Amino acid sequence: MYKRTEFYEKVKERLIRYAKVDTQSDHYGKDTPTTQKQFDLARMLYEELISIGASEVYLDETACVVYGKLPSTMPDGGGRPVGFITHLDTAPDAPGANVKPWVLETYDGGDILLNAEQNIVMSSKDFPSLNNYVGQDLILTDGTTLLGGDDKAGIAAVMTFTEHCLAHPEILHGPVSLAFTPDEEVGGLAKDLDLDRFGAKVAYTLDGDHLGFYMDETFNASEATLEVVGLSVHPATAKGIMINAADVAAEFLAMLPRFEKPQYTCGREGFFHVIALHADVEHAKVVLIVRDHDRTSFRHREAYLEKCADALKAQYGADRVKLSIEQSYRNMKDVIDEYPFLIENLTEAIRMSGLEPKTEPFRGGTDGSALSWRGLPSPNLSAGYENAHGRFEYVPIPSMEKNVEILIRLCGLFGNMSAE
Ligand SMILES: [Zn+2]
């Protein structure tokens, strides 16, 4: 049976309070942040950091980023600075307003009735991850909204860690930097994080599902757009004249490798994925994303698209076909590997907390993918939520308690390192 730690009430109260604040970001939002309501949580965290005694607390009123620090408690005031980064927003994929979190104590296995009125049930058959948490206390939704444990379970752990360390200066650690950033769910990539203000030169994002997982490898990613300008004439007299842009786009689609698509790939297999297609006789536009963990094979994929476009240009005219490729983010691993202590310390902290660290190449990107390439190497530690982005999201309270412990041990290990 699980024994509650001294962090139990703290992480529970925090996740419930944060989850009730609607911080949904917007794929189509043109402003920074993409939704103003993310400031509601940013301000709450800003006040909270001040009230628990964090230093250099700052809210960027334009970018919606909250900063704070914990000074070193090492006898010589030293240690290597490390940072923790979590995101304020919740995913646009499911309703994010009027979240009504509730606690199921001592989950006994089996199905969970989330909403009696609407008869919404979470079945352990559909969601077998539930079996890992029998006997634990879970924070759940009422089945009509997401929970927002992604990433508020991470925020709750970081805040509780901060409060605990500041209240217990006898816990030894080096300098710690904190940041809470907007728009992770809509590809914000923490672009407005001010690295000078943040301070620490290495960091961890705290995000992702399954307790004890970490991540140091993500996709390389780009987005490609193929545009075709057709030549429309009356079909009756089109012979030898018409260029049907829709047909050219279809030809391009047929050139893509049949099984190198998300629905046929897993693990470290990359893919091409068509995300939009608009076509008529005069104009066609194909938008696709390219993903691969391996840098060389990623470049080959991009080169393959160029080759397809060149073949179509040769056939229909260079001015009728245009391909543009834009980089989205890159695999963090190439950067992280230059800082082996990041993963050594993290896995040691996870082990010291009684868990076996687990990892697998992430089939996506994180804010840390972009931050790593901006000069702030940032692998990821799981925030411990489950079923993110949907109505069946939940967070086991012991997972958050465990993460507080991992953070304490982790910054203790950095405290024992020399400043740089
Ligand atoms: Zn997240």
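Here the structure is shown first, and the text comes after it.
All of the points below concern the structure found in this document. Small disclaimer: the values here were computed from a predicted structure and weren't measured.

Our next topic: the overall build of the chain. Check the secondary structure of the chain and you find 10 helices and 17 strands. Relative to the 2.2 N^0.38 estimate, which gives 22 Å for 420 residues, the radius of gyration of the chain is 24 Å and therefore close to what a compact globule would have. Over its C-alpha atoms, taken along the principal directions, the chain stretches across nearly 85 × 55 × 40 Å. Evaluated residue by residue, the chain yields a buried proportion of 55% over its 420 residues. When the accessible area of the chain is evaluated, it comes to approximately 18,400 Å², of which 50% is carbon and sulfur surface. When the 40 positive and 64 negative side-chain charges of the chain are each reduced to one mean point, those points stand 2 Å apart.

This next bit is on the layout of surface pockets. In this structure, the largest pocket spans a volume of roughly 1,200 Å³. When contributions to the lining of the largest pocket are tallied by element, the ones reaching two or more residues are β10 (213-215), β13 (283-292) and β14 (321-329). The computed volume of the second largest pocket comes to approximately 460 Å³. The wall of the second largest pocket is formed by 20 residues, among which Gln 136, Leu 211, Leu 355, Pro 398 and Lys 402 lie closest to the centre. In terms of residue count, helix α10 (residues 397-415) provides more of the lining of the second largest pocket than any other element does, 5 residues in total. Looking at the lining of the second largest pocket, its residues break down into 7 nonpolar, 6 polar and 7 charged.

The strands making up a sheet associate through hydrogen bonds between their backbones, and the pairing can be parallel or antiparallel. Taken in spatial order, the 4 strands line up as β12-β13-β11-β14 in an open sheet, and their pairing is antiparallel. With partners counted over all chains shown, the strands left at the sheet margins are β12 (271-279) and β14, one partner each. Neighbouring strand axes in the sheet, compared pairwise and without regard to direction, differ in orientation by 15° on average. Note: β12 against β13, 8 bridges, orientation antiparallel. The residue of β13 that forms the bridge with His 273 is Ile 289.

With that settled, consider empty space enclosed by the protein. Here the idea is plain: a probe the size of a water molecule rolls over the atoms and shows the empty space left. Counted according to the given criterion, the structure contains 1 cavity of 30 Å³ or more. What lines the largest cavity is Ile 85, Thr 86, His 87, Asp 151, Thr 181, Glu 184, Thr 205, Leu 206, Asp 207, Thr 366, Asp 367 and Asn 380. Put simply, the parts of the chain that give the lining of the largest cavity at least two residues each are β3 (82-87) and β9 (203-206). Of the residues forming the lining of the largest cavity, the biggest block, 3 residues, is contributed by β3. Broken down by class, the residue content of the lining of the largest cavity amounts to 2 nonpolar, 6 polar and 4 charged.

Before going further, it helps to examine the coordination of the zinc ion. Octahedral six-donor coordination of a metal ideally yields angles of 90 or 180 degrees, compared with 109.5 degrees for tetrahedral four-donor coordination. Distances from the zinc ion to its protein donors, His 87 (NE2), Asp 150 (OD), Asp 207 (OD) and Asp 207 (OD), fall at 2.0 to 2.4 Å. Geometry at the zinc ion is irregular, judged from its 4 donor atoms and the angles of 55 to 143° they form at the metal. One chain supplies every donor to the zinc ion, and in sequence these donors are spaced H-x62-D-x56-D. Of the two residues, Asp 150 sits in helix α3 (residues 149-167) while Asp 207 sits in the loop between β9 and β10, which places them 57 residues apart along the sequence. Accessibility classification places Asp 150 together with Asp 207 in one group, the buried group.

Our focus in this paragraph is the nonpolar core. In this structure, Leu 49, Phe 84, Phe 161, Phe 180 and Met 400 are the most contacted members of the largest nonpolar core, which totals 64 residues. With residues near it in sequence (within four places) discarded, Phe 84 still touches Val 158, Phe 161, Val 176, Ser 177, Leu 178, Ala 179, Phe 198, Tyr 204, Leu 407 and Leu 410. Among the nonpolar cores identified, the runner-up in size contains 21 residues, and Phe 252, Leu 305, Leu 312 and Leu 323 belong to it.

The final tally for this structure, using the stated rule, is 23 salt bridges. A salt bridge links Lys 100 to Asp 142; the nearest nitrogen and oxygen atoms lie 3.9 Å apart. In this pair, Lys 100 sits in the loop between β3 and β4 (102-104) while Asp 142 sits in the loop between β7 (138-140) and α3, placing the two residues 42 residues apart along the sequence. In this structure, Glu 302 and Arg 299 form a salt bridge, with 2.8 Å as the shortest nitrogen-oxygen distance. Taken together, the residues Glu 302 and Arg 299, both in helix α6 (residues 295-316) and 3 residues apart, mark about one turn of the helix. Residue classification places Arg 299 among the partly exposed positions, given a relative accessible area of 37%. A cluster of three or more residues bridged by salt bridges with shared partners is formed by Lys 10, Glu 13, Arg 14, Arg 17, Glu 48 and Glu 163.

Taken together, 3 strands build an open sheet; the order of strands is β4-β7-β17 and the sheet is antiparallel. Two strands lie at the open edges of the sheet, namely β4 and β17 (395-396), each paired on one side alone. Pairing geometry for β7 and β17, over 2 bridges, is antiparallel. Paired with Ile 139 across the strands is Val 395, a residue of β17.

Rules of the game
Residues numbered from 1 in each chain as written. Predicted model: local features only at pLDDT ≥ 70, side-chain atom pairs only at ≥ 80, totals over all residues. Heavy atoms only, no water. Helix = DSSP H or I, 4+ residues; strand = E, 2+ residues; numbered from the N terminus. Rg over C-alpha atoms; globule rule 2.2 N^0.38 Å. Buried < 20%, exposed > 50% of the residue type's maximum accessible area, 1.4 Å probe, protein only. Areas by Shrake-Rupley, 256 points an atom, 1.4 Å probe, with all protein chains shown as cover. Lys, Arg positive; Asp, Glu negative; His and termini not counted. Charge placed at Lys NZ, Arg CZ, Asp CG, Glu CD. 1 Å grid on protein atoms, 1.4 Å probe; cavity = no way out; pocket = protein on both sides within 12 Å on 5 of 7 lines; lining within 4 Å. Points joined across faces, edges and corners; volume = space filled by probe spheres on them. Nonpolar A, V, L, I, M, F, W, Y, C, P; charged D, E, K, R; others polar. Pairing = 2+ DSSP bridges. Axes fitted to C-alpha atoms, helices over the stretch in contact; angles between N-to-C directions. Donors = N, O, S within 2.8 Å, 3.2 Å for Na, K, Ca; no water. Tetrahedral: all angles 85-135°; square planar, octahedral: opposite > 155°, others 65-115°. Core = buried A, V, L, I, M, F, W, Y, C linked by side-chain atoms within 4.5 Å. Contact = heavy atoms within 4.5 Å. Salt bridge = Lys/Arg side-chain N within 4 Å of Asp/Glu carboxyl O.

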